[in-house]
Structures are given as structure tokens and as C-alpha cells.
There are 2 protein chains.
Amino acid sequence: MNLSCFDGKVITSKDNPSVKLFGKLMTSKKTRMQYRMFPLEGVRLVFDALKSNAPVRRIFITESALEKNREKLEEFDCSEIDFTCISDELGDRISGTDKTQGIFAQCSFTERSEELGNLKKHGRYAVLYQLQDPGNAGMIIRTADALGLDGVIFSESCDIYNPKVIRSTMGSIFRIPVFHDIPVDDIFLAMNNAEIDTYAAVVDSRAQDIKNTDFNNGGGIFIGNEGNGLPTEISEKCTYKITIKMSGNTDSLNAAMATGIMMWELMKFE
Amino acid sequence: MNLSCFDGKVITSKDNPSVKLFGKLMTSKKTRMQYRMFPLEGVRLVFDALKSNAPVRRIFITESALEKNREKLEEFDCSEIDFTCISDELGDRISGTDKTQGIFAQCSFTERSEELGNLKKHGRYAVLYQLQDPGNAGMIIRTADALGLDGVIFSESCDIYNPKVIRSTMGSIFRIPVFHDIPVDDIFLAMNNAEIDTYAAVVDSRAQDIKNTDFNNGGGIFIGNEGNGLPTEISEKCTYKITIKMSGNTDSLNAAMATGIMMWELMKFE
């Protein structure tokens, strides 16, 4: 990447239109949906995006951060990225953290993320239905990446492009297919087409113990809202109902942890 | 509980000695260690402590919170608890949250928590060595409670009485034995006495796959620091080395999630 364009112009005003848009992308889901773009902040996330060939459209970098990261940036061929150098003060102002690293990016939604299309035959997927907490969403995406799932599908859940979600995925959002805002009927249809059995995760001692569940043909595990679980009309539509039998306090399994354990069992049969 | 003592005196000053001590317990590990006490905040946590007969020594309650919770409080026999009514303004001031529920408690360390003593023969324990993140510590305690472990042991790790840890345990800290600041040699000795095999969790493809590990005789699983894992001198002391074989990005398994999956495998043999 040729960074010579930086020699000279430094934006200092929060009223600069690009800076203003970035600020809105940080705080407003509506703006993210309208522009089909989401914001990134921090050295690790921005470089994870570049390494993964994510559709990065713009990078904002402070003068100090440019000095520190110039060599690393020059390793990438990013001819389609707009670079904008900003003052350190402006960096502090647009940051969502207490102590900014001074590097920000604007990334397009991937085309695929909003359309389920064809799933992998007998693939292995986690489906989050009405999941609300951004920290949980991020941790689930991160764990799915580690365990090697074929993808994570969100339906009626929190916005996966919320900066909190993105931050807590630790870059996994760029490494594993993540689908969002998918109507639940489309999910059942796509799973059926790909010959993937559907499993409803429930808290119900009559459901099948996940320890004894055979995922040899892959599977799509549906997990519901943190407080309420899956609505009956969704769990009834799934082929199987599965549960984590607990010896201790059943209230004590957080949604991300329960999903992690279920994904672990799903992947054991690979 | 007789709450008639409340009719009258309301503390409004942040310079009141009890209020001052509580404030210090919220922020200083040193003060917590010195007084062997830790602070609680919030309706759920305080009532979890009362329900679990935790050694609660003092409750601060704001005038508004008293009105809302009087009936619930009267269900408990807490003759040994000092009650202090404080103004709503003072409640806002001592709170560690943005929007306080106005109920706070001061709880003693349980005698047991600082001494390992006898472990359960062939018991099942998680051992956290040099774990640093309070959110991870809390989630591990919470998951251990759900899965029914015999206890969680911390050595050279973050302070389990940090309000962030306590909050993220969601009350599990009162339901499962948690030991803290235990010298690692004492842990090996106690495990040996209780005939518990020790397992070092490592990221090493030559280690035994946890999927194929037989925990029929119980086990103590040692997990290390978030960034560095277990030091060699600790993993070498364990009877076995075990690992989570990953198909995806190995960086992507957070310490709490990895510990959760390992505890799940440990408990499957119960």
C-alpha cells in the first residue's frame, strides 16, 4: 500500500462528513443498516480485517498511530481503501474506548451475510434466535470459529455489527461465515435443502441429553433468548429437542457457555 | 427480621465510618484482605447471599430500596446483621453501577475459602493458576456451579472478591466451594491426599485429546493465564497433559470457554 497520500492533509474537525458518518456507524444500528457498513476500532481488529480480505472501505488513522503502524500497513495492497489521517484529538473523540489506539476502519457488510443461500450439506451450524446480549453474541462467534463450525446464523437477535459484538469476536467475525437478520422460516428451509437435522436447545429434563446425541449427519442447533429460551413454536419445528443435563444450579449456565458446550458436542462427530 | 430499627435514623454523609469502609472494600483488594470482607451490590446478589446463609455482616439500604424490599427482607432471620439506612443520594454515591438498586452488603470471607483442607476423595475440581480477568473468573465459578463441580481453586490469580468477579458469578459464589490465594504446592498435596489425578490443560497437539480422557476417578484440571497458559514447571508436575483439539482458529477459544468445555468433559463421567 502506498501511504504517500498521507503526507500533508490531516483532518481535525468532527464536522468532516466522513468523520461524522463514522461516528454514526459507531452508535446507530439504523445507520449501519442504511449504509450496509460497520465500524472497527483497534490495531488487532483492523489488521484482522485486512488479513482476512474483509471489505474494508476506509481507514482513519491518527498521526501517532500512523507513525507506529506505517510499515505494517504497507504490507497490504489496499488500493480500494480510502485513507484519512486525523489528528490525535479527533481520534480520542471518535473512539469508543477510554484509551484509543488511533486506528479505525469502515467495513461493508459482506454480500453473503444477509442471505443464507445454500448451506453445506450435512453441515454444522449454530442458530441464535432472539439472542440479545452483544457480549454473548461475540463470544459465540469466537468459539464457533475455534471449534470449526460451518457458520453461525442470527435471527431476530442483537445487531452483530454492534461495536461490542465485533470487539468480543476478536476477529473471528472475519474468519467464519456469520449470517444476520435471517427470517427463521428461511433457516428451516435452507437446513432442509442441505439435509441438516435441526435441534432445539431447551431446558427440559424430558429432552434428549446432548451427551447421547449423535451428530454424525451434522446439525443445526437452535438456541433462544437469554431469559426466555426458544419459543415453543420454534422448538416444535425442530426435528429434535436436546438439553444439557445439569447437576448443579440450572440458572447458572450463561447462554454463551451453554451454546459453547453444545457446539463442542456438535463438532465432536466431525 | 425485625426492621423497626429503621424508623428514624438515615445516614446521609459519605464520611460516616461504615460508609467509608464500604467504599474502600469496593475498590481496594488490600482493604478486603485486611478486613477479610467483601462488598455486594444489588437485589439479586444480596438476596442470594442471604438465601445461601453467607456470612453477611452489614446491609446498607436506601430509603427507596427499603420500601420496595421490606417484605422480602423480613423473611430472613438476620439477627447478626447490622442494618444501616442511607439516603438515596448516598446510595448513588457508593454504587459501582450507573443505576443502583440501593441495596448493598458487606460479607465476611468464609473461613474455608482461604484454606484448602481436605478435598473430596476422587473429587472434581478446576484449578485456575495466574488467571487474570475478573469476567473470566466469574464465568468459570458460575459454570462450575451449573455443572456440579466439587469446587474451584484459585492460585496466584485475580482477586475473587473483586466486585466484577462477584457480579459475574450471579450468586454462584455462595453456592459452590471457592478457594482463593492457595499456594500451588498445597493444591498438589491436597489432590494427592484425596487421590485426585491432576491434569494440565495445554495448547499442544502432542497432549492427550480431552475427548478421549477418562475422568472416572475424578480429576483436578489446571488452567493457566489467559495469554501465557500454564508455566512448564506447573504442567510438568501434573499427572497428565490434556488439550482441546481445534479445527478452527486456535487463538479463538477464550479462557473461560476453554475451562467450561473442560469442566463439561470432567463432569460427564459422574
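Small disclaimer: the values here were computed from a predicted structure and weren't measured. (Residues numbered from 1 in each chain as written. Chains lettered and ligands numbered in written order. Predicted model: local features only at pLDDT ≥ 70, side-chain atom pairs only at ≥ 80, totals over all residues.)

1. Some remarks on the packing of helix H10 (residues 255-267) of chain A against helix H10 (residues 255-267) of chain B
Working step 1: It is the contact of H10(A) with H10(B), at a shortest axis distance of 10 Å, that shows an interaxial angle of 60°. For the element pair H10(A) / H10(B), the angle class is oblique. For the crossing formed where H10(A) meets H10(B), the hand is right-handed. On H10(B), the residues that touch A:Met257, A:Gly260, A:Ile261 and A:Trp264 of H10(A) are B:Met257, B:Gly260, B:Ile261 and B:Trp264.
Working step 2: Here the contact of H10(A) with H10(B) is built from residues that sort into 6 nonpolar, 2 polar and no charged. (Axes fitted to C-alpha atoms, helices over the stretch in contact; angles between N-to-C directions. Helix = DSSP H or I, 4+ residues; strand = E, 2+ residues; numbered from the N terminus. Parallel < 35°, antiparallel > 145°, perpendicular 65-115°, else oblique. Left-handed = near helix turned anticlockwise from the far one by under 90°. Contact = placed C-beta atoms within 7 Å. Nonpolar A, V, L, I, M, F, W, Y, C, P; charged D, E, K, R; others polar.)

2. Here we look at the nonpolar core
Working step 1: Counting 165 residues, the largest nonpolar core has A:Ala126, A:Ala201, A:Phe222, B:Ala126, B:Val152, B:Ala201 and B:Phe222 as its most contacted members.
Working step 2: Apart from residues no more than four positions distant in its own chain, B:Phe222 is found in contact with B:Val127, B:Tyr129, B:Thr198, B:Tyr199, B:Ala200, B:Ala201, B:Leu230, B:Ile234 and B:Cys238. (Core = buried A, V, L, I, M, F, W, Y, C linked by C-beta atoms within 7 Å. Buried ≥ 20, exposed ≤ 12 C-beta atoms within 10 Å, placed from the backbone.)

3. Re the relation of the copies chain B and chain A
Working step 1: Note on the copies: chain B fits chain A at an RMSD of 0.0 Å, the axial shift is 0.0 Å, and the rotation between them is 180°. Classification of the inter-copy transformation places it as that of a two-fold axis. For chain B, the smallest separation between a C-alpha atom and the rotation axis is recorded for B:Ile261, amounting to 2.9 Å.
Working step 2: Take the interface residues of chain B: 100% of them recur as interface residues in chain A, which is what a same-surface contact looks like. (Least-squares fit on C-alpha atoms with pLDDT ≥ 70 in both.)

4. A closer look at helix H6 (residues 134-147) of chain B
Working step 1: With 14 residues, H6(B) should cover 20 Å at 1.5 Å per step; its first-to-last C-alpha distance of 20 Å lies within 8% of that length.
Working step 2: Among the residues of H6(B), B:Asn136, B:Ala137, B:Gly138, B:Met139, B:Ile140, B:Ile141, B:Arg142, B:Thr143, B:Ala144, B:Asp145, B:Ala146 and B:Leu147 are the ones counted as buried.
Working step 3: Residues of H6(B) that are buried make contact with H10 of chain A together with strand E5 (124-129), strand E6 (151-155), helix H7 (163-168), strand E7 (178-179) and H10 of chain B.
Working step 4: Following H6(B) by one or two positions, B:Gly148 adopts a phi angle in the positive range, close to 85°. (Expected span 1.5 Å × (residues − 1).)

5. Observations regarding the packing of helix H6 (residues 134-147) of chain A against H10(A)
All names here are of chain A.
Working step 1: Across the interface, H6 lies against H10 with an axial gap of 9 Å and an inter-helix angle of 20°. Relative to H10, H6 is oriented roughly parallel. Taken as a pair, H6 and H10 cross one another with a handedness that is right-handed. Residue-level inspection shows Asn136, Met139, Ile140, Thr143, Ala144 and Leu147 of H6 in contact with H10, the latter providing Ala255, Ala256, Thr259, Gly260, Met263, Trp264 and Met267.
Working step 2: Across the contact of H6 with H10, the residue classes break down as 9 nonpolar, 4 polar and no charged.

6. Brief notes about the sheet that holds strand E8 (residues 198-201) of chain B
Residues and elements named next belong to chain B.
Working step 1: Strand order in this open sheet of 7 strands is E7-E6-E5-E10-E8-E11-E9, and the pairing throughout is parallel. Strands at the two margins of the open sheet, each flanked by one partner only, are E7 and strand E9 (208-209).
Working step 2: Strand direction decides the pairing type here: E5 and strand E10 (residues 219-223), joined by 5 bridges, are parallel. Counted as the bridge partner of Ala126 is Ile221 from E10.
Working step 3: Here H6 sits on the sheet and contacts E5, E6 and E7; the angle it forms with E5, its principal contact strand, is near 175°.
Working step 4: Packing against the sheet, H10 makes contact with E5, E8 and E10, and its axis sits at approximately 170° to E10. (Pairing = 2+ DSSP bridges.)

7. Thoughts on the domain arrangement of chain A
Residues and elements named next belong to chain A.
Working step 1: For chain A, the domain assignment lists domain 1 (4-109) and domain 2 (113-267).
Working step 2: Relative to domain 2, the C-alpha centre of domain 1 lies at a distance of 32 Å.
Working step 3: Counting residues at the interface gives 15 residues for domain 1 and 10 residues for domain 2.
Working step 4: Of all the secondary-structure elements, those providing two or more residues to the side of domain 1 that touches domain 2 are helix H2 (29-35), strand E1 (37-41) and helix H3 (43-51).
Working step 5: Among the residues making up the side of domain 1 that touches domain 2, the classes are represented as 8 nonpolar, 2 polar and 5 charged. (Domains from an automatic or database assignment.)

8. Comments concerning the environment of B:Gly117
All names here are of chain B.
Working step 1: With respect to the element layout, Gly117 can be found in the loop between strand E4 (103-108) and E5.
Working step 2: Judged by the 10 C-beta atoms lying within 10 Å of it, Gly117 is exposed.
Working step 3: When the C-alpha positions of Gly117 and Asp186 are compared, they lie 9.2 Å apart, and in sequence the two are 69 residues distant.

9. Structural notes on the sheet that holds strand E1 (residues 37-41) of chain B
Residue and element names in this part refer to chain B.
Working step 1: Strand order across the open sheet formed by 4 strands is E1-E4-E2-E3, with mixed pairing between neighbours. This sheet does not close on itself; its edge strands, each paired only once, are E1 and strand E3 (82-86). Looking at each pair of strands side by side, their axes are set apart by 15° on average, direction ignored.
Working step 2: Docked against the sheet, helix H3 (residues 43-51) engages E1, strand E2 (56-62) and E4, running at close to 40° with respect to E4.

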